[in-house]
Amino acid sequence: MKTILKNLPLFLLVCFSVNAQNLDKADKNYKNLAYVDAIKTYEKVAEKGYKSVDLFQKLGNSYYFNAKLKEANKWYAELFAMNQKVEPEYYYRYSQTLKATEDYAKADQYLDKFYALSGNDKRASLYKGQKNYKSTIDKNSGRYEVKITDINSKLSDYGAAMYGDQLIFSSSRESASMAKVSTKWTSNSFLNLYAAKRAENGSLSNPQKFSNSVNSKFHEDTPVFTKNMKIVYFTRNNYTKGKVGKDQEEVILLKLYRASLVDDKWIDIVEVPFNSDNYSVAHPALSPDEKTLYFASNMPGTKGQSDIFKVQITGDNTYSVPVNLTGSLNTEGRETFPYITEDNELYFASDGQPGLGGLDIFVTKLNKEGNPGGIINVGAPINGPMDDFAFLIDKPSRTGYFSSNRDGGVGLDDIYSFKETKVIELDCNQELSGIITNSETGEVLSNAKVTLFDENFKELQATQSDDKGNYNFSVECNKKYYVRGEKEEYETKEAPVKTPNKSGKTVLPLATAKKIREIKVGTDLAKTLEIPIIYFDLDKSYIRKDAALELEKVLVVMKLNPTIKVDVRSHTDSRQTFEYNDALSDRRAKSTIAWLIKNGVNANRLTGKGYGESQLINKCADGVECSEEEHQLNRRSEFIVVKM
């Protein structure tokens, strides 16, 4: 036993040294995005019982960034089992992997924690505003009949474009005519473009390499063609004229390229000018009029890992400055793979919008400026717990394709065909209306100016209330607005409103008061000045801070009108005895009077009395069950003008 104990420190030292060497090697692979190599080494270290926050984070990330969400789930679970402080982002990633295992209840628990830690994150606020996202998606599901296509390989096949009677897609299947070049990120061969024959029923056959001039020994994927099929935009690694470009961290990025078809050959392959060696630009899509190019990028100005941007095509390979799409489409996650239909519907993939797990496919209607409206998850069976992306549809036949790494496929990513059986309603229209009234009398206010602003207070529309005080605006769904009401001699009133993500009517009444208000004997200053009830805590008679702020208004009026005398009337709820409540309300009236005197009102201008529970304003009498909020309504003070 002594011998074993003597040699134990040396054994631990050797193990620690081996682990340190392995971790150093794995960290280098991880930093260089060689995730497959990093995983092998990290897992060897973990199998020996080594545990650390850094190890489990990197193991989880290595799988997560390779879209292997179930494998990532195992290591993120180990991470959170350590009960150590981690960045909020890991709560979100863990929730995504929990969805991949279809544990939505636990996923929502971690999304709640993510919101608590980073409520300003768009993904957190979208989740908080759509906590019933799962039931909403379920209601929107069942619109498609899905089949796996016959062209998939054991590797990655995804991303497609219709080209006449062909489907052009990306594949990492190895080619006999090219060197077997692979990426350390996934250990798979780089992608090339292939063409498959497309039948009327959506089936695909006979995949062949698309074009030797377009394909290189590095990545090519996600093309989009002009309607005359003479111009193609496509994604490629930063690779031009046989040379590979890298960013400052030696990472090969993605760029957009443009080529022209001349005499059946793709020539004049050039970069778009807004590419960069410092960020990626990928996955192009064209607007129906072919005047706007949409794409995904992590260029400066990106909200998350990647955003969807747009540029105006101003000439032969000349463009405006790229801008990312407005509204709630882009998040701190990934928004990618845009596709636009002839009806100006934008389909895209996102792991930042509320979904079923990994990347989900969403759709929105673009307005005349090319900006998105309400965002709709297309539901199952297109979307599932894993990554679903690269959606495209032929609207006349209502058939199309999408890509997924879901279970039951042939390879790592597979192309699926679908038939749309029920059209998603995207023409969402909202009517925003209300009535303008006098807050004191309830009188309707005609000819009031009513102005509509967007969430950034940019003026959108203006109108006047009709003879019945009504106003009306046509607005978009799922957007925040501000409405301002103005009328001569009245105070300006402004209120926010958020329209729902469905067609219908939203009502927002505005009540305002006159700037100059008549005060006479019998006037209750609390009502005239729109002062909320002066509340007291249960069994207490001291002036709360919130009550003091409201008493300031009474104080100002009495100082501006030095002849006014006010009777302070205090009331309690029905709990306790009549005698106790009479005494308590009297103390409250005296506390209120004392506060006003302390702040400059002459004592001879104030009288007061406690009325106990004799003047309840609701049903909450003795023996009646009421909530705390209902009881508190009775614990109040009033300010009645008794002399001018």
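Asker: Looking at this structure, how should I read the overall build of the chain?
Answerer: Summing up its helical and strand segments, the chain has 12 helices and 34 strands in all. A burial count over the chain gives 50% of its 644 residues as buried. Taking all contacts inside the chain whose residues are at least 6 apart in sequence as the whole, residues at least 24 apart take part in 56%. Carbon and sulfur atoms make up 50% of the accessible area of the chain, which amounts to about 31600 Å² in all.

Asker: I'm lost on the sheet that holds strand 29 (residues 493–498) in this one. Help?
Answerer: Within a sheet, each strand pairs with its neighbour through backbone hydrogen bonds, oriented either parallel or antiparallel. Strand order in the open sheet made by the 4 strands is 26-25-28-29, with antiparallel pairing throughout. Strands with a single pairing partner mark the edges of an open sheet, and in this sheet they are strand 26 (459–464) and strand 29. Adjacent strand axes in the sheet meet at a mean angle of 20°, parallel and antiparallel pairs treated alike. Pairing analysis gives 5 bridges linking strand 25 (residues 449–454) to strand 26, with the strands arranged antiparallel. Across the sheet, the residue bridging to Phe-453 is Glu-459, located in strand 26.

Asker: For this particular structure, what's the right way to read the state of the cysteines?
Answerer: Every disulfide links exactly two cysteines, by a covalent bond between their sulfur atoms. Considering all chains together, one arrives at 1 disulfide under this definition. Disulfide pairing is shown between Cys-620 and Cys-626; the S-S distance is 2.2 Å. What sets the handedness of the Cys-620 and Cys-626 disulfide is the S-S torsion sign, and at about -105° it is left-handed. A relative accessible area of 0% places Cys-620 in the buried class. On the basis of relative accessibility, which here comes to 18%, the residue Cys-626 falls in the buried class.

Asker: Teacher, can you tell me more about the environment of Lys-68 here?
Answerer: Turning to its location among the elements, Lys-68 is positioned in the loop between helix 3 (53–64) and helix 4 (69–81). Note: C-alpha distance between Lys-68 and Gly-358 (290 residues apart in sequence) is 9.4 Å.

Asker: Explain the packing of aromatic side chains to me, please; I cannot follow it from the model alone.
Answerer: How two aromatic rings sit relative to each other is set out by the distance from centre to centre and by the angle between their planes. Taken as a whole and assessed by the stated rule, the structure comprises 35 aromatic pairs. Aromatic side chains Phe-80 and Tyr-94 sit 5.1 Å apart centroid to centroid with 15° between the ring planes, which places their arrangement in the stacked category. Of this pair, Phe-80 sits in helix 4 while Tyr-94 sits in helix 5 (residues 88–100), and the two are 14 residues apart along the sequence. With 5.9 Å between their ring centres and 90° between their planes, Tyr-163 and Phe-210 make a pair best called edge-to-face. Of the two residues, Tyr-163 sits in strand 2 (residues 157–163) while Phe-210 sits in the loop between strand 5 (204–209) and strand 6 (220–225), which places them 47 residues apart along the sequence. Members of the aromatic cluster, each reached through a chain of ring pairs, are Tyr-144, Tyr-347, Phe-391, Phe-402, Tyr-416 and Phe-418. Note that Arg-173 overlies the ring of Tyr-194, its terminal NZ or CZ placed 5.4 Å from the centroid. Above the ring of Tyr-257, the side-chain terminus of Arg-236 is found at 5.1 Å from the ring centroid.

Asker: Any chance you could explain the pattern of salt bridges here in plain terms?
Answerer: Pairing is possible between side chains of opposite charge, provided their charged atoms come close. This model, assessed by the stated rule, comprises 25 salt bridges. Between Asp-121 and Arg-123 there is a salt bridge whose closest N-O contact spans 2.9 Å. Comparing Asp-121 with Arg-123, the two get one shared label, buried. Taking the shortest distance from any N to any O, the salt bridge between Asp-567 and Arg-569 comes out at 2.8 Å. For Arg-569, a relative accessible area of 26% translates into the label partly exposed. Look at the salt bridges and you will find they share partners, linking Glu-89, Arg-93, Asp-121 and Arg-123 into a network.

Asker: Please clarify how the environment of Pro-88 should be interpreted in this entry.
Answerer: If you trace the backbone, Pro-88 turns up in helix 5. Separated by 27 residues in sequence, Pro-88 and Tyr-115 have C-alpha atoms that sit 8.7 Å apart.

Asker: Just checking my understanding: could you explain the pairing of strand 23 (residues 414–420) for this structure?
Answerer: Side-chain direction in a regular strand flips from residue to residue, so the side chains alternate between the two faces of the sheet. A large share of strand 23 lies buried, amounting to 6 of its 7 residues. Judged from the 5 bridges that link them, strand 1 (residues 144–148) and strand 23 form a sheet pairing that is antiparallel. Its bridge partner lying in strand 23, Glu-145 is registered against Lys-419. Across 6 bridges, strand 22 (residues 399–404) lies against strand 23 in antiparallel orientation. When the bridges of strand 23 are listed, Ser-404 appears paired with Asp-414.

Asker: It is not clear to me how the sheet that holds strand 11 (residues 265–271) should be interpreted in this structure. Could you clarify?
Answerer: Ordered by their spatial adjacency, 4 strands build an open sheet running 6-7-10-11, and the pairing between neighbours is antiparallel. Single-partner strands in this sheet number two, and they are strand 6 and strand 11. Each adjacent strand pair in this sheet contributes to an overall mean axis angle of 30°, direction not counted. As paired elements, strand 6 and strand 7 (residues 231–237) share 4 bridges and run antiparallel to each other. Along strand 7, the bridge assignment pairs Phe-225 with Val-232.

Asker: For this particular structure, what's the right way to read helix 8 (residues 133–140)?
Answerer: Along an α-helix, residues three or four positions apart point the same way, because every turn accommodates 3.6 residues. Along helix 8, the residues that are buried comprise Tyr-133, Ile-137 and Asn-140. Considered in projection along helix 8, the buried side chains sweep an arc of 65° and stay on one side of the axis. The elements touched by buried residues of helix 8 are helix 5, helix 6 (104–117), helix 7 (122–129) and strand 20 (376–377). Positive backbone phi, approximately 80°, marks Gly-142, located one or two places after helix 8.

Asker: What is the right way to read the nonpolar core from this model?
Answerer: Looking at soluble globular proteins, one finds that nonpolar side chains tend to be buried together. Of all hydrophobic cores here, the largest spans 33 residues; its most connected members are Leu-55, Leu-59, Tyr-76, Leu-79 and Phe-80. Residues within four places of Leu-79 in sequence aside, it is in contact with Val-53, Phe-56, Gln-57, Val-86 and Tyr-90. The next biggest cluster of nonpolar side chains, apart from the first, holds 19 residues, and it includes Ile-519, Leu-525, Trp-595 and Leu-606.

Criteria and cut-off values
Every chain's residues receive numbers from 1 upward, in the order its sequence appears when written. For this predicted model, a pLDDT threshold of at least 70 governs which residues receive local features, and a threshold of 80 or more governs which side-chain atom pairs are given and counted, while totals over whole chains, interfaces and linings are taken from all residues. Each side-chain value is derived from all of the structure's non-hydrogen atoms; neither hydrogens nor water enter the calculation. Secondary structure elements follow DSSP: runs of H or I no shorter than four residues count as helices, runs of E no shorter than two count as strands, and numbering proceeds from the N terminus. Exposure classes here rest on a 1.4 Å probe applied to the protein chains alone. A residue is buried below 20% of its type maximum, exposed above 50%, and partly exposed in between. Contact between two residues is taken to exist if any of their heavy atoms lie within 4.5 Å; hydrogens are not considered. Reported accessibility uses the Shrake-Rupley method at a 1.4 Å probe radius. Residues are deemed covered only where the shown protein chains occlude them. Pairing between two strands requires that DSSP report at least two bridges joining them. Lines fitted to the C-alpha atoms define the axes, with helices restricted to the stretch that makes contact. Angles between their N-to-C directions range from 0 to 180 degrees. The disulfide definition used here is simple: a pair of cysteine sulfur atoms within 2.5 Å. Only Phe, Tyr and Trp rings take part, Trp by its six-membered ring, and two of them pair if their centres are within 6.5 Å. Stacked means planes under 30 degrees apart, edge-to-face means over 60, and tilted covers everything else. As a reminder, the over-ring test applies to NZ of lysine and CZ of arginine, requiring each to be within 6 Å of the ring centre and within 35 degrees of the ring normal. Salt bridges are defined by distance alone: a side-chain nitrogen of Lys or Arg within 4 Å of a carboxyl oxygen of Asp or Glu. Taken from the helix axis, the directions to the C-beta atoms give the arc we talk about. Among buried residues, those of type Ala, Val, Leu, Ile, Met, Phe, Trp, Tyr and Cys that are joined through side-chain atoms within 4.5 Å constitute a nonpolar core.

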